[in-house]
Every structure is written in structure tokens, then in C-alpha cells.
Amino acid sequence: MLALFDLDNTLIAGDSDHAWGEFLCDHGHVDVAEYRARNEAFYRDYQAGVLDMQAFLEFALRPLRDTPMETLVAWRERFLAERIEPMLLPAASALLERHRARGDRLVIITATNRFITAPIAERLGVADLLATEPEHVDGRYTGRVAGIPCFREGKVQRLQAWAAEHGEDPATACFYSDSGNDLPLLEQVAEPWAVDPDPTLKAAAEARGWPVISLREPAR
């Protein structure tokens, strides 16, 4: 069976996309006042379920476009050590291990771009990653997105395409998420799980009888 996992605020105790923006600001890699204000505004829109994904990506992918790859990789190594390692959750690792032991195919499916999330998925031991793909040409990022952003209905589309290519059936999958933005995919799978859910997802899960669990506190 497919075992699908959102990443941010599900398998890790924070949002890697927002944390990357904070990291860039804290280390002076961007115009701090302008970037921090916009990063916070986009994050509030995401939490409210009203994010303009195209506008956000134009903003978020600009530092990738404007920075040489070797510099980006060095920044990312420091980011992973400073920001992501403290977000790792023992209970999330245990959940992943239970699904591995059951013989499930583990897939992380996230709206956050692959540059940020690929090493996090590797750190969690998950080989299959569906993420928003920043376009990459001749060794540099272009600031554009390749294909469909892996967000809301786009997660469903990306998963369907991936599943067809790999001979998997998403309808029989389980999916763990914290976010109301993932309702389009949660409604498509056999086993939807709400993990430390935001208010929108918590209300939907309670109304539909979906299990609600925590990877930060004792199970409830």
C-alpha cells in the first residue's frame, strides 16, 4: 500500500518553506525587511487557506534564481543543521518505520520546493518525494516552476501522474497531513489521517470521523 505523508508541520515540527525564508533573513542573504514581511504575509495566507501559490513561488524562488548553485548548497547545509534538525520528531520517525515494516511504499508529498525538501526526505529515509519543482537550466535555477505546483488540487494531479507511472493506486493509500490545504487529497485516499491538524482540518476530520493523532504529544 502507498503511505503518503505531508512534510511541514506533519513529519517535522515546523514549516520548512517558512523557515528557509527566516534563515535567509537571519543570515542577511536577502533584503531583510522586505523579505521577512512578505514571507510572513504569505505564511499567514497559507494558514488561512487563501495562498496565491503563483505569487508565492515568484517570491520564494527568486533567491534560487539569483544565487550560484554552490552558494545555495552551502546555505542549505547550514539551514538543515540549524533549522531542520531541531524540527525532527521521534514519533514521526517511528510512524515511518511502522509503515516500512508493514511493507508499504513511503512517499512524501509536499508543496515546498524540491531544493529545500530533497535532503529532508533523505534524512527521514524516504526515497520517493513529490514536491514543487523549481525549473533548473544549465546549472542555475530560473525562478520559474517546472510543471504543476504540488499544492492543493495540484497534489492530487501530481500524485495521479506519479502513481500511473509507477503502477500504484492512490485510492487505496493512506495520507497523513496537518493542513486544510490538503483536503483535496485527503478526500481521495482510503485512509485519511489528521496529524496535529490546523483548525480547518480538525473540524473536517471531526465531522467525517477521520482519526486525529499527534506526533508531538501522546496519541489522542
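Structure's up top.
As the structure is a prediction and not an experimental result, all values here were calculated from the model. (Residues numbered from 1 in each chain as written. Predicted model: local features only at pLDDT ≥ 70, side-chain atom pairs only at ≥ 80, totals over all residues. Heavy atoms only, no water.)

A few words now on the side chain of His 99. Along the chain, His 99 turns up in helix H6 (residues 90-101). With residues near it in sequence (within four places) discarded, His 99 still touches Ala 3, Phe 5, Asp 104, Leu 106, Cys 174 and Tyr 176. (Helix = DSSP H or I, 4+ residues; strand = E, 2+ residues; numbered from the N terminus. Contact = heavy atoms within 4.5 Å.)

A few words now on unusual backbone geometry. A positive phi angle, near 50 degrees, is found at Asp 138, a position not held by glycine. By the secondary structure assignment, Asp 138 is in the loop between strand E4 (134-137) and strand E5 (140-145).

Judged by nonpolar contacts, the single largest core of 53 residues is most densely connected at Trp 20 and Leu 124. In terms of residue count, the dominant contributor to this core is helix H5 (residues 69-84) (6 residues). Once residues within four sequence positions are removed from consideration, Leu 124 is found in contact with Leu 7, Leu 11, Leu 88, Leu 96, Arg 100 and Ile 108. Core analysis: the second largest hydrophobic core is formed by 22 residues, Ile 109, Ala 163, Ala 204 and Trp 210 among them. (Core = buried A, V, L, I, M, F, W, Y, C linked by side-chain atoms within 4.5 Å. Buried < 20%, exposed > 50% of the residue type's maximum accessible area, 1.4 Å probe, protein only.)

This structure, assessed with the given rule, holds 0 disulfides. A disulfide-free cysteine, Cys 150 has its sulfur positioned 16 Å from the sulfur of Cys 174, the nearest such atom. (Disulfide = S-S within 2.5 Å.)

This next bit is on the environment of Val 156. Mapping Val 156 onto the fold places it in helix H8 (residues 153-166). Look at Val 156 and you get buried, because its relative accessible area is 12%. Sequence-wise, Val 156 and Ala 92 are 64 residues apart; in three dimensions their C-alpha atoms are separated by 23 Å. Excluding residues that lie within four positions of it along the chain, Val 156 makes contacts with Pro 184, Leu 185 and Gln 188.

Let's shift gears to helix H7 (residues 114-123). In an α-helix, one turn spans 3.6 residues, which is why side chains three or four residues apart end up on the same side. Residues Phe 115, Ile 116, Thr 117, Pro 119, Ile 120 and Ala 121 constitute the buried set of H7. One side-chain oxygen at the N-terminal end of H7 lies 3.0 Å from the backbone nitrogen of Phe 115; it belongs to Asn 113. At the C-terminal side of H7, Gly 125 shows a positive phi close to 75 degrees. (Polar contact = N/O pair within 3.5 Å; in protein donor to acceptor, adjacent residues only side chain to side chain.)

Of the two faces of strand E6 (residues 174-177), the one holding Cys 174 and Tyr 176 and the one holding Phe 175 and Ser 177 are both buried throughout. Summarising the sheet, strand E1 (residues 2-5) and E6 pair through 3 bridges and their orientation is parallel. Its bridge partner lying in E6, Ala 3 is registered against Cys 174. Here E6 runs beside strand E7 (residues 191-195); their pairing, made up of 4 bridges, is parallel. Counterpart to Cys 174 in the pairing with E7 is Glu 191. (Pairing = 2+ DSSP bridges.)

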